[in-house]
Amino acid sequence: MFELVQQRIKPLESSKYDDLNIAFVRSADTATDLEALYKNDVIVLQADTLDQAEHIMRSVRSSQERTITLKPVFIDQSYEQLSPLIPFADGTYNPDQKEHLLTKARSILRRLAHIRHKAHELHFERYITLRILGYMYSRDTDLAPSLNRTARMGYAYPFLFHALAKQRDKRVFKVLERMVEEGYTESKLVDHVHECSSCSGGVLNYRECCPSCGSPDLESSDLIHHFACANVGPEEDYRKGDSLVCPKCDKTLRHIGIDYDKPSSMYTCKTCSDHFQSAQVKAKCMDCGTDNELSHLNDQSILKLSITEKGVHHAIHGFNHQQELGKPSTPQSIKLNPQIFELFKHQEQLRSMEMSHTSYLAEVRIDRVLLAMFHEDRQRIILNEIGTTISSYLSGLDAITEHEKGNYRILLCNREKKELDQLIEVIGNNILLLMGDGLSRNEIPLTIEVMNVMEAS
């Protein structure tokens, strides 16, 4: 569940073919609720522009509801401008040849009906793993990447490309690798991609630079070796008009291979005037501008995934309470009511003073205006999931309470500052992922304040 305010879709027309209801969608309208799609089994995109179709596809694939996000989507092939979307759809629609669409859609819907686990999941890796497994199982297909110039890595996966915002690319690749490690999928290497060491972007500009000042403004010239006197120098030092004359012995060089040869090249930096034979190759990231040395680039494996029997089982049944990717799902911290939490806090203040260790009090606040955008039942689900998500990262020494609606206080006992910063970052990122994909912390009214427990009132 990654979008705070879902993009909502307005089907312009709905038709029934045999046993299936098909929604023909041409525009996105945020004033219309996505519930209209529940009544339809299949979506056919007929948008006038590729941008509109991309917008609609992202709205469907990023939906919090599994019944929408995994719904069969087809591209009307009479809309030629939408052809780039075909690799990410379940097929094409031809009004004169509907049987292919109906057969493919029935197969997908029949398999989707087998999925029994609930739609709401707490942890990002578990959530996206189940979505990927559900997609692969319902389509009875591998998850294969395709070349795509708009993807940060240069490769894009069907379903995932529209289900998550682009800044999640790196984390998604980690999830795919973990799925292989856990036995949910098997993998085949497709390619390796070099990434920026700063932002993990995959669009890089490779060019020669001066090893002294880093400037790419270089001039290349051949080195000339004069056999007779053994002088070696750049060609411009030999050039006199249209002739080559040795600057050391003043002899004219007439025949390459007899009088002289060109063993290598020489670079001259136009910025600092340095001369050198080997330029330094750097890779400039076109996303963040970082100039990477080649040895500092990260290497990302691009995998093609095939679902295993274990993956099929989890696609259908989900994860049980004792199993979660990379972390026990059972909370380890103590959940307290606000009054008891205050007693624990006071006790920890005394203990910190006597034993000279450092503990912290963190406060996580979700703006009430944000919560009001959800139905009350949804609010309860979200708040419970946030509390459980926070608890799953705490130890048995820690404690948590919901001080007010959407306001969580956490007692973090005996922590190092570096460990604390990492923990708060992980908790914040997971709440962002829980609340809305594609939104930054600045866009979601989420605040996390941390203080030494001795400073807490």
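That block above? That's the structure.
Summary of the structure given here. (Residues numbered from 1 in each chain as written. Predicted model: local features only at pLDDT ≥ 70, side-chain atom pairs only at ≥ 80, totals over all residues. Heavy atoms only, no water.)

## Observations concerning the environment of Thr-185
Under the convention used in this document: Think of it this way: any DSSP run of H or I at least four residues long counts as a helix, any run of E at least two long counts as a strand, and we number them from the N terminus. Should any heavy atoms of two residues lie within 4.5 Å, those residues are considered in contact.
Tracing the sequence through the fold places Thr-185 in strand 8 (residues 185-195). Along the sequence, Thr-185 and Leu-305 sit 120 residues apart, while their C-alpha atoms lie 5.9 Å from each other. When neighbours within four sequence positions are excluded, Thr-185 is seen to be in contact with Leu-133, Met-136, Met-179, Val-180, Leu-305, Ser-306, Ile-307 and Thr-308.

## Comments concerning the sheet that holds strand 18 (residues 280-285)
As a reminder, the rule being used: DSSP-based pairing: two strands are paired if at least 2 bridges between them are found. Axis angles are defined between N-to-C directions and span 0 to 180 degrees, where every axis is a line fitted to C-alpha atoms and, for a helix, only to the segment in contact.
With respect to topology, three strands assemble into an open sheet ordered 9-18-19, the strand pairing being antiparallel. Both outer strands of the open sheet, strand 9 (204-209) and strand 19 (291-293), are each paired with one neighbouring strand and no more. On average, each strand axis in the sheet is tilted by 35° relative to the strand beside it, whichever way the strands run. Note that strand 9 and strand 18 share six bridges and pair antiparallel. Bridge pairing in strand 18 links Cys-209 to Gln-280.

## Examining the pairing of strand 24 (residues 407-412)
How we decide: Throughout this description, buried means an accessible area under 20% of the type-specific maximum (1.4 Å probe, protein chains only), exposed means over 50%, and partly exposed covers the range between.
Among the six residues that make up strand 24, six are buried, leaving the element largely enclosed by the rest of the structure. Residues of strand 24 alternate between two faces, with Asn-407, Arg-409 and Leu-411 on one and Tyr-408, Ile-410 and Leu-412 on the opposite face, all of them buried. Alignment of strand 22 (residues 360-366) against strand 24, held across six bridges, turns out to be antiparallel. The partner of Leu-361 across the bridge, within strand 24, is Leu-411. Turn length for the strand 23 (residues 399-404)-strand 24 hairpin, with the two strands adjacent in sequence and antiparallel, is two residues, and the turn residue Gly-406 shows positive phi of about 80°.

## Details of the sheet that holds strand 14 (residues 252-253)
With antiparallel pairing, three strands are arranged side by side in an open sheet as 12-13-14. Edge positions in the sheet fall to strand 12 (239-240) and strand 14, since each has one partner strand and no second. Bridge analysis of strand 13 (residues 243-245) against strand 14 gives two bridges, and the strand direction is antiparallel. Within strand 14, the residue paired with Val-245 across the bridge is Thr-252.

Bear in mind that shape data such as this cannot, by itself, settle questions of function.
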